[in-house]
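Fold and geometry: a report
Spelled out, the chains give:
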Amino acid sequence: MKKIVLAVILLVFSAKTFAQDDYPKHQVNLNILNVIWLSSVELGYEHYVAFNQSIEGELFINDQYSFFFKKSGEKYNCTSLKLGYNYYFDLDGNSGPYINPFIKTRFGKFTYADEVTKVNMNSFIVGLGAGYQFNYNDTFVIAPYANIARNFGKEVNGDSKFWAVEPNLGVKIAYKF
């Protein structure tokens with residue numbers, strides 16, 4: 001009986017040892033390009049489901065439509081939430097290209113300089129992104145990327161200032177743990 005119990009204990013501990021993951025499961029992100037260029041904050045979290053795949057959630061504070069510059073007196077008052085999937089094509093040391101299909105919802109208003117004309121920015125957005133991740137020691141990440149997305153907001157698409165297809169660029173800095 002003691003041999004059976006000992007064998008079961010060894011089996012359980014050895015299975016636990018083989019099942020351990022040798023990669024970080026979490027990553028927090030900041031799109032530093034948006035902060036510098038647009039005064040918009042894009043914060044994100046990624047949970048790795050495999051060493052080269054993750055599910056991400058992002059919060060956009062003071063979100064702006066693409067990289068269209070606002071004219072003097074124009075104001076964005078928008079917030080967005082994004083849910084995406086990242087597939088990393090691991091080429092060398094966890095650095096390499098990746099793709100990012102995503103869905104996003106934006107809510108808020110855009111006010112023209114006359115302070116009377118407002119556009120309801122509420123939108124459902126579907127898009128695809130691609131980038132290249134530079135991964136240092138599986139801890140610190142820098143990843144430039146580009147996205148293109150289809151905006152399904154009726155008022156947004158009906159306004160001559162905005163396009164139905166929204167391009168976007170970014171440089172993500174991140175910490176993996």
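The present account deals with the structure reproduced in this document. Keep in mind that what you see is a predicted model, and the values were worked out from it rather than measured.

Observations concerning the nonpolar core
Counting nine residues, the largest nonpolar core consists of Tyr65, Tyr76, Cys78, Phe110, Tyr112, Val119, Met121, Val156 and Phe162. Of all hydrophobic cores here, the second largest spans eight residues; its members include Tyr98, Val141, Tyr145 and Ala174.

Here we look at the environment of glycine 129
Tracing the chain through its elements places glycine 129 in strand β7 (residues 123-136). Sequence separation between glycine 129 and asparagine 147 is 18 residues; the distance between their C-alpha atoms is 4.0 Å.

Points about a nonpolar patch on the surface
On the surface, Val49, Ile55, Leu83, Ile103, Phe124, Val126 and Phe152 cluster together into a nonpolar patch covering about 610 Å² of accessible area. Relative to the helices and strands, leucine 83 resides in strand β4 (residues 75-88). Take leucine 83: its relative accessible area is 47%, and that puts it in the partly exposed class.

Quick notes on the pattern of salt bridges
Scanning all chains against the criterion turns up eight salt bridges. Put simply, aspartate 63 and lysine 104 hold a salt bridge, and the shortest N to O gap is 3.5 Å. Within this pair, whereas aspartate 63 is found in the loop between β3 (53-61) and β4, its partner lysine 104 is found in strand β5 (residues 96-111), the two being separated by 41 residues in sequence. With respect to class, aspartate 63 is no different from lysine 104; both count as buried. Aspartate 63 serves as the salt-bridge partner of arginine 106, at 3.0 Å between the closest nitrogen and oxygen. Of the two residues, arginine 106 sits in strand β5 while aspartate 63 sits in the loop between β3 and β4, which places them 43 residues apart along the sequence. Classification of aspartate 63 by relative accessible area gives buried; the value is 3%. Connected through salt bridges with shared partners, the residues Asp63, Lys104, Arg106 and Glu166 form a single ionic network.

Structural notes on the packing of aromatic side chains
The geometry of an aromatic ring pair is captured by the separation of the ring centres together with the interplanar angle, meaning the angle of the planes. Enumeration over the complete set of coordinates arrives at 10 aromatic pairs. Each ring, one from tyrosine 76 and one from phenylalanine 110, has its centre 4.8 Å from the other, and the planes form 55°; the classification is tilted. Of this pair, tyrosine 76 sits in strand β4 while phenylalanine 110 is found in strand β5, placing the two residues 34 residues apart along the sequence. Given a relative accessible area of 7%, tyrosine 76 falls into the buried group. Plain terms: the ring middles of tyrosine 88 and tyrosine 98 are 5.2 Å apart, the flat faces sit at 40° to each other, and that makes the pair tilted. Of the two residues, tyrosine 88 sits in strand β4 while tyrosine 98 sits in strand β5, which places them 10 residues apart along the sequence. Using a relative accessible area of 4% as the deciding quantity, one classes tyrosine 98 as buried. Connected via pairs of aromatic rings, a cluster forms that spans Tyr65, Tyr76, Phe110, Tyr112 and Phe162. Above the face of the phenylalanine 102 ring, lysine 82 is positioned so that its terminal group lies 4.5 Å from the ring centre.

Some words on the pairing of β7
Alternating residues of β7 divide into Ser123, Ile125, Gly127, Gly129, Gly131, Gln133 and Asn135, all buried, and Phe124, Val126, Leu128, Ala130, Tyr132, Phe134 and Tyr136, none buried. In terms of strand pairing, β5 meets β7 through 11 bridges, oriented antiparallel. Across the sheet, isoleucine 99 pairs through a bridge with alanine 130, a residue of β7. Summarising the sheet, β7 and strand β8 (residues 140-151) pair through 10 bridges and their orientation is antiparallel. Considered in β8, the bridge of phenylalanine 134 is made with isoleucine 142. Hairpin connection, β7 to β8: the antiparallel pair is bridged by three residues, and asparagine 137 has positive phi, about 60°.

About the criteria used
Residues numbered from 1 in each chain as written. Predicted model: local features only at pLDDT ≥ 70, side-chain atom pairs only at ≥ 80, totals over all residues. Heavy atoms only, no water. Core = buried A, V, L, I, M, F, W, Y, C linked by side-chain atoms within 4.5 Å. Buried < 20%, exposed > 50% of the residue type's maximum accessible area, 1.4 Å probe, protein only. Helix = DSSP H or I, 4+ residues; strand = E, 2+ residues; numbered from the N terminus. Patch = residues over 30% accessible without salt bridge, like charges linked within 9 Å, V, L, I, M, F, W, Y side chains within 5 Å. Areas by Shrake-Rupley, 256 points an atom, 1.4 Å probe, with all protein chains shown as cover. Salt bridge = Lys/Arg side-chain N within 4 Å of Asp/Glu carboxyl O. Phe/Tyr/Trp six-rings, centres within 6.5 Å; stacked < 30°, edge-to-face > 60°. Lys NZ or Arg CZ within 6 Å of the ring centre and 35° of its normal. Pairing = 2+ DSSP bridges.

Spatial relationships are all this shows, so hold off on functional conclusions.
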